[in-house]
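Fold and contact review
Residue strings, one per chain:
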Amino acid sequence: MIEIQSVSHRIGQAQILTDVSLRLERGGVIALAGPNGAGKSTLLSLIARLQPLQQGQIRVDDMQLGQCDDRALARKLAILPQQVNASSRLTVRDLVGFGRYPHHRGRPTAGDRARVEAALAQFDLGPLADRQLETLSGGQRQRAFVAMSYVQDTDFLLLDEPLNNLDLAAARSLMAQLRQLADDQGRTVVIVLHDINYATAYADRIVVLKGGRVVADGAPAETVTAAMLEQVFGTAAPVHSVGGRPVVLV
Amino acid sequence: MARATLIALLALLALVCASLLAGVAGLDARALLTSGEGWELIRDSRLPRTLAALLTGAALAVAGQIMQLIAQNRFVEPMTAGTGQSAVLGILLTSVLLPGAALPVKMALAALTALAGSLGFFAITRRLPPTQPLLVPLVGLVYGGVIGAATAYAAFQADMLQYLEIWLGGEFSGTMRGRYELLWLAGLAALASYLVADQLSILGLGEAVSLNLGLNYRQVVLAGLVVIALVSGLTVVTVGMIPFVGLVVPNLVSRVAGDNLRRSLPVTALAGAALVLAADLAGRLLIHPFEIPAATVIGILGAAVFLWMLYGRGSHAA
Ligand SMILES: Nc1ncnc2c1ncn2[C@@H]1O[C@H](COP(=O)(O)OP(=O)(O)OP(=O)(O)O)[C@@H](O)[C@H]1O
Ligand SMILES: [Mg+2]
């Protein structure tokens, strides 16, 4: 379980997050939505200790952020940031291999290698395995980074807009795999999504941020309404119910 | 890959032989190897000179690679970003304030100022927008220039300008047994960085990815900066500043061997060693019996390669 208690965050004079409290139970896919600049990436980076906490507390299971061992946390929680350095001449296989680093600390075992090969296959990266990152297309590169987070094999997986640059098939296949991780292995996936329809189709719960505050939180059928979209995004998009779940017409 | 390494090794071996045989004292190969005088010459002068060039080249190339990973920018290296200039400033200050200090003391202080210099460089360039990769080396040049100017002013005041030239223009003509051994430490520092090759490769993916993988980011960066400072301090004290090795070698090697340091770092070290030895050899032969400093030869060569990197097909290398 991830427990966020009254977290606030400022950058300079700007208040980025205000008194955010959330309990993210173990097991399930939780979508984080909200307009650009709402504070979604900031919240994720605080949970993943990429930035120091200024106010409030975050616990990941029994680990208190700021007081726990970085390496131990890296085996429990993985994050894929929104922006990653892509101008590397690492091969896809090397990159995905580094996802196992928290487990082997530089001495990969046969088991680690097998995991990497399996992830390469699972994310359709087999034919690209020996290509260097800077020679890949945006979506191929994104898949490689997702595979790296995946292979880290953590209970908690935080993904910041992983569908960026992915084509329809890759996006659906990634969401289905995340769904499977949650259902079959009890993993917790927190994922920032801009396309609400992916959230309603694959997530158990949607948390909506606006202006650094949580403004809606609940099952997709309850949260995603035309009124919410109007209030949060300021756009009048009609919402229809298709097969029992809300679909936003764009 | 393996074949490329083999070819590089053979080329290096040929260079070493040539370097042992070539020199002002006009002995032909046979006389050199059969007379006692020849062996003495090799032991006291040619071998030290050869080893010094190899160690300097390997260490500078590795230090450049580490600096590029920390900066996440392929266009920086210690000698053109203020670290080398800071080392010179350190030696100058030591010479003025502690004139009797032993060489290891000078070296330690040079390494300390080099460390301070690179910390300053990273403190400044951290704030630069990542969308403008060329700003980083540019700021580095200006920063190094400012430190260099301050050093020149201090040297002028202390009436030590003639020494400044020795530290600024790296060359190996004065290398002899007993006067180059500190460079083994620089070589050792470079070698030690291979132990953390994985951590350094991860560093190149940025702070967020490093933290995510449980790396102690600050600690690894600091370790890298210490290696850079040691290499800069030691090489500047013993042979003087040699620019561009740390810039050009890691860039060229990365094109062939990629960015996984476990594979590429040994190639980088070998290529750096070969480049500096070749430059020293060329400097000895081109206008024989006079010599061109290795730093000058590399400066010309390196500048040309750097421009090619910027404008040629390497323009996406940022
Ligand atoms: N380094 C910074 N300096 C100043 N302001 C910042 C900085 N980083 C983020 N911000 C501001 O913090 C706010 C929240 O940013 P954040 O990246 O968390 O938003 P987000 O919800 O992820 O948006 P997006 O959907 O565009 O990714 C934004 O208003 C942004 O301008
Ligand atoms: Mg964001």
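Higher on the page you've got the structure.
Residues numbered from 1 in each chain as written. Chains lettered and ligands numbered in written order. Predicted model: local features only at pLDDT ≥ 70, side-chain atom pairs only at ≥ 80, totals over all residues. Heavy atoms only, no water.

Okay, the sheet that holds strand E7 (residues 156-160) of chain A next. All names here are of chain A. Ordered by their spatial adjacency, six strands build an open sheet running E6-E7-E8-E3-E9-E10, and the pairing between neighbours is mixed. Both edges of this open sheet fall to strand E6 (77-80) and strand E10 (213-218), since each of them pairs with a single strand only. Put simply, the sheet's adjacent strands are angled 15° from each other on average, direction ignored. For E7 and strand E8 (residues 188-192), the ladder comprises five bridges, and the chain directions are parallel. Bridge assignment links Leu157 to a residue of E8, and that residue is Val189. Lying over the sheet, helix H1 (residues 40-47) contacts strand E3 (28-33), E6, E7, E8 and strand E9 (205-210), oriented at roughly 150° with respect to E7. Here helix H6 (residues 138-151) sits on the sheet and contacts E6 and E7; the angle it forms with E6, its principal contact strand, is near 170°. (Pairing = 2+ DSSP bridges. Helix = DSSP H or I, 4+ residues; strand = E, 2+ residues; numbered from the N terminus. Axes fitted to C-alpha atoms, helices over the stretch in contact; angles between N-to-C directions. Contact = heavy atoms within 4.5 Å.)

This paragraph deals with the coordination of the magnesium ion (ligand 2). All names here are of chain A. Protein coordination of the magnesium ion (ligand 2) is provided by Ser41 (OG) and Gln82 (OE1), with donor distances spanning 1.9 to 2.1 Å. With Ser41 in helix H1 and Gln82 in the loop between E6 and helix H3 (92-98), this residue pair connects regions lying 41 residues apart in the sequence. The partly exposed category is assigned to Ser41, whose relative accessible area is 25%. Assessed through its relative accessible area of 34%, Gln82 is described here as partly exposed. (Donors = N, O, S within 2.8 Å, 3.2 Å for Na, K, Ca; no water. Buried < 20%, exposed > 50% of the residue type's maximum accessible area, 1.4 Å probe, protein only.)

All names here are of chain A. Inspection of the region around ligand 1 gives 13 residues, with Gly37, Gly39, Lys40, Ser41 and Thr42 positioned closest. Gly39 is positioned such that a nitrogen or oxygen atom in its backbone is 2.9 Å from an oxygen atom of ligand 1. At a separation of 2.5 Å, an oxygen atom of ligand 1 approaches a polar side-chain atom of Thr42. Out of a free accessible area of 640 Å², ligand 1 has 58% covered by protein chains. Sorting elements by how many residues they give to the shell around ligand 1 places H1 first, with three residues. Taken together, the residues of the shell around ligand 1 sort by class into four nonpolar, seven polar and two charged. (Near = heavy atom within 4 Å. Polar contact = N/O pair within 3.5 Å; in protein donor to acceptor, adjacent residues only side chain to side chain. Areas by Shrake-Rupley, 256 points an atom, 1.4 Å probe, with all protein chains shown as cover. Nonpolar A, V, L, I, M, F, W, Y, C, P; charged D, E, K, R; others polar.)

Attention shifts here to the environment of B:Leu270. Residues and elements named next belong to chain B. Its location among the elements puts Leu270 in helix H13 (residues 261-285). Taking the C-alpha atoms as reference, Leu270 lies 8.8 Å from Ala61; in sequence the two are 209 residues apart. Residues contacting Leu270, with those up to four places away along its chain left out, are Thr5, Leu9 and Leu12.

Another point: the pairing of E9(A). Two faces make up the sheet, and in a regular strand the side chains alternate between them. Residue and element names in this part refer to chain A. Burial of E9 is extensive: five of the six residues sit out of reach of the surface. Bridge count between E3 and E9: four bridges; the pairing is parallel. Looking across to E9, one finds that Ile30 is bridged to Arg205. Counted along the chain from E9 to the antiparallel partner E10, the turn is two residues long, and its residue Gly211 has a positive phi close to 55°.

Now for the environment of A:Arg49. For A:Arg49, the location among the structural elements is in the loop between H1 and strand E4 (55-60). Given the relative accessible area of 12%, A:Arg49 is considered buried. Those residues within four positions of A:Arg49 in sequence are excluded, and the remaining contacts are A:Leu65, A:Asp70, A:Leu73, A:Ala74, B:Leu211, B:Asn212 and B:Gly214.

With that out of the way, let us pick up the packing of H13(B) against helix H14 (residues 294-311) of chain B. Residues and elements named next belong to chain B. At a closest axis distance of 8 Å, the pairing of H13 and H14 adopts a crossing angle of 115°. Classed by the angle they form, the pair H13 and H14 counts as roughly perpendicular. Like other packed secondary-structure pairs, H13 and H14 cross with a definite hand, here right-handed. On H14, the residues that touch Leu275, Val276, Ala279, Asp280 and Gly283 of H13 are Ala294, Val297, Ile298 and Leu301. (Parallel < 35°, antiparallel > 145°, perpendicular 65-115°, else oblique. Left-handed = near helix turned anticlockwise from the far one by under 90°.)

Here the focus is the packing of aromatic side chains. Residues and elements named next belong to chain B. The full count for this structure, using the stated rule, is seven aromatic pairs over all chains. Ring centres of Phe75 and Phe306 lie 6.0 Å apart, and the angle between their planes is 65°; on these two criteria the pair is classed as edge-to-face. Of this pair, Phe75 sits in the loop between helix H3 (36-71) and helix H4 (83-97) while Phe306 sits in helix H14; the two residues are 231 residues apart in sequence, bridging distant segments of the chain. For Phe75, a relative accessible area of 4% gives the class buried. When the centroid spacing of 5.2 Å and the interplanar angle of 70° are considered together, the rings of Phe121 and Phe122 count as edge-to-face. For Phe121, a relative accessible area of 1% translates into the label buried. Ring pairing ties together the aromatic residues Phe75, Phe244 and Phe306, which thus form one cluster. (Phe/Tyr/Trp six-rings, centres within 6.5 Å; stacked < 30°, edge-to-face > 60°.)

Structural measurements only, silent on function.
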